[in-house]
Amino acid sequence: MNAVLAGLDLVLRWDVMLTILVASAFGLVVGAIPGLTATMAIALLVPITFFMDPIPAVGAMISCSAMAIFAGDIPATLMRMPGTPASAAYSDECYAMTRKGEAEVALGANVLFSALGGLFGTAILIVSAPLLAEIALGFSSFEYFWLALMGLACAIFIGSGSPVKGLVSLFLGLFVSQIGIDNPAGVPRFTFGNSNLLGGVDFIPAMIGLFAMSEVIRTMAAGAPDWSVRQTSLGNPLKGWGHLIVKYWPQQIRGNITGTAIGILPGAGADIAAWVSYAMSRKFSKTPEKFGTGHVEGIIESTSANNAALAGAWVPALVFGIPGDSITAIVIGVLYLKGLNPGPTLFLNNPESIYAVFIIFIIANLAMIPLGLAALKAGTALLRFPRRILIPLILLFCIVGAYAVNNSAYGVVLMLVFGVLGFLMEEHDIPIAPCVLGIVLGKMLEESFVTSMIKADGNLLAFFERPIAGGLGVLTLLIFCLPIWGALKRRRASVA
């Protein structure tokens, strides 16, 4: 109880609350502009967190990402242009409701069930994270090796439509993680005689490049076209909330559970949760023929799922230091910079900080309703903001953020290199998420493998001798083998 009170004391301060409010507004703005994802909002926010204390910095990350995921529903509903990938699964459904004159119902459902989904995911985070942390205290290098490998496997086969392209992205990330002298052998690798690379590739400039700079390059390559905003008359978004809750509570609960479970899987994220939940909603619906014509049922389940997934992704991030999605991958880097090293010891050494994180999640999701309703009114005007003005501002943020990491132009060069890399990857439909996880987990994978091999004197069977390690090992191998087995079955069926 003392830790809870200490956590409240850390959060309920004017500077922290003001930070949450400003970051929420920033997340709403970025999320509501098509192409500027929630991950990009977090990447742009990172430079500002350098000048904050740990709790305000984490509060800014949480509130910004929660609002950005919701705000992506606004252009999806009004223009059929999802603001973030997490809104893409049901954008057609939302836009169909707008064409029917029911935009206020769709947007109202988005606000309400986004907040409820986020609160559900937060409840699971509060309950499961401390329990998992107690179990994780007994983990050795064997368990951490399988966890890291499982995260990479999920990134390839869950977070990517093409396993081959996912592997290409993953190997790029693993290659980047091996650069420098920070390895078990202490030998410079892939530095090519450049002293700047001896310390490895700084994570923050790489993330800003992959997510923010790549979007700047893409927009510039397209000539920075402005959006053609369709005028729409919004009624009362609060209309029918009680009816929606009573009629569609099973869909809401199912979306919450699905979203949280998928969010906990490393590499999946809110966009995968939304697609899976929308498919499940259509499959189990009593009126599947209404889907695609402007039916609120699928919207409720999907928007509940993607916001629940956001909190679920923090479970592996806080307990094991393994990002649940690209957003928490960036957050983990910020936590390390602030001295809040993710892992089970964080729950022992800084319990008040953990409870502060939980409280901020609750505040952010409760604030989503009034702030979200206000954002709906400003949505149409916001979408008319010219790209030719927006892009230079984003570019300025990118340069300042990359430079501020080490006060060196080297960070800016890294950002530009990874910006070009991210642009080329997305132009060829190569997902970025596996690359990010490769960069984050590459060192953990190598160090835990080398440490385990030294402990086991080179015996590979030792990776399966401990009960938890053996279970994780079997599960990880199944994740790798099942898609291969499915592909072989399909090939045999086509030949026959």
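Residue positions are counted from 1 within each chain, in the order its sequence is given. Whole-chain, interface and lining totals are the exception, using all residues; otherwise, since this is a predicted model, local features are given only for residues with pLDDT of at least 70 and side-chain atom pairs are given and counted only at 80 or more. Side-chain measures here rest on the full set of heavy atoms in the structure, leaving out hydrogens and waters.

Undergrad: I keep staring at the pattern of salt bridges and nothing clicks. Help me out?
TA: Two side chains of opposite charge can pair, provided their charged atoms sit close to one another. We count a salt bridge whenever a side-chain nitrogen from Lys or Arg sits within 4 Å of a carboxyl oxygen from Asp or Glu. Tallied over the entire structure, the rule returns 5 salt bridges. Measuring nitrogen to oxygen at the nearest pair gives 2.8 Å for the salt bridge that ties E143 to R466. Residue E143 is located in helix α8 (residues 141-157), and its partner R466 is located in the loop between α21 (433-455) and α22 (467-495); the two are separated by 323 residues in the primary sequence. We call a residue buried when its accessible area falls under 20% of the maximum for its residue type, exposed when it is over 50%, and partly exposed in between, using a 1.4 Å probe and counting protein chains only. Residue E143 is classed as buried on the basis of its relative accessible area of 2%. Numbering of helices and strands runs from the N terminus; a helix is a DSSP stretch of H or I covering at least four residues, while a strand is a stretch of E covering at least two.

Undergrad: Looking at this structure, I do not really get the packing of aromatic side chains. What am I missing?
TA: Ring pairs (aromatic) are described by centroid distance and by the angle formed between their planes. Under the pairing criterion, centres of Phe, Tyr and Trp rings, with the six-membered ring standing for Trp, must be within 6.5 Å; the plane angle then separates stacked pairs below 30 degrees from edge-to-face pairs above 60, leaving the rest tilted. All chains considered together, the criterion is met by 10 aromatic pairs. An angle of 20 degrees between the planes, with centres 5.8 Å apart, marks the rings of F449 and F463 as stacked. Taken as a pair, F449 in helix α21 and F463 in the loop between α21 and α22 lie far apart in primary sequence, 14 residues in all. When its relative accessible area of 33% is taken as the criterion, F449 is described as partly exposed.

Undergrad: Even after reading the chapter, I still don't get unusual backbone geometry, so can you show me in this structure?
TA: The phi angle of most residues is negative, glycine excepted, and most peptide bonds adopt the trans form. The backbone of F190 shows a phi angle near 55 degrees, a positive value even though the residue is not glycine. Notably, D457 is not glycine yet its phi reads approximately 55 degrees, a positive angle. Within the fold, D457 resides in the loop between α21 and α22. On the basis of relative accessibility, which here comes to 72%, the residue D457 falls in the exposed class.

Undergrad: Is there a simple way to think about the nonpolar core in this case?
TA: In globular proteins that are soluble, nonpolar side chains generally tend to be buried together. The definition of a nonpolar core used throughout is a set of buried Ala, Val, Leu, Ile, Met, Phe, Trp, Tyr and Cys residues joined through side-chain atoms within 4.5 Å. Judged by nonpolar contacts, the single largest core of 140 residues is most densely connected at M207, L210, W314 and L318. The criterion used for residue contact is that any of the two residues' heavy atoms lie within 4.5 Å. If we skip the residues at most four places from it in the chain, W314 touches V58, I62, L125, T328, V331, V357 and F361.

Undergrad: Would you mind showing me how to read the packing of helix α2 (residues 14-31) against helix α4 (residues 54-71) here?
TA: A pair of packed helices is characterised by two quantities: the angle between their axes and the separation of those axes. For helices, the fitted axis covers only the stretch in contact; all axes are lines through C-alpha atoms, and the angles between them, taken along N-to-C directions, range from 0 to 180 degrees. In contact at an axis separation of 7 Å, α2 and α4 are set at 30 degrees when each is read in the N-to-C sense. Between α2 and α4, the angle falls in the class roughly parallel. In the packing of α2 onto α4, the handedness of the crossing is right-handed. Contacts between α2 and α4 involve D15, V16, T19, I20, A23, S24, F26, G27, L28 and G31 on the former and, on the latter, I55, P56, G59, A60, S63, C64, M67, A68, F70 and A71. Gly falls in the polar group here, along with every residue not listed as nonpolar (Ala, Val, Leu, Ile, Met, Phe, Trp, Tyr, Cys, Pro) or charged (Asp, Glu, Lys, Arg). When grouped by side-chain class, the residues that make up the contact of α2 with α4 number 13 nonpolar, 6 polar and 1 charged. Oblique is the label for any angle not covered by the other classes, which are roughly parallel (under 35 degrees), roughly antiparallel (over 145) and roughly perpendicular (65 to 115). It is the rotation of the near helix from the far one that decides the hand of a crossing: anticlockwise by less than a right angle makes it left-handed, clockwise makes it right-handed.

Worth remembering: the numbers are spatial, not functional.
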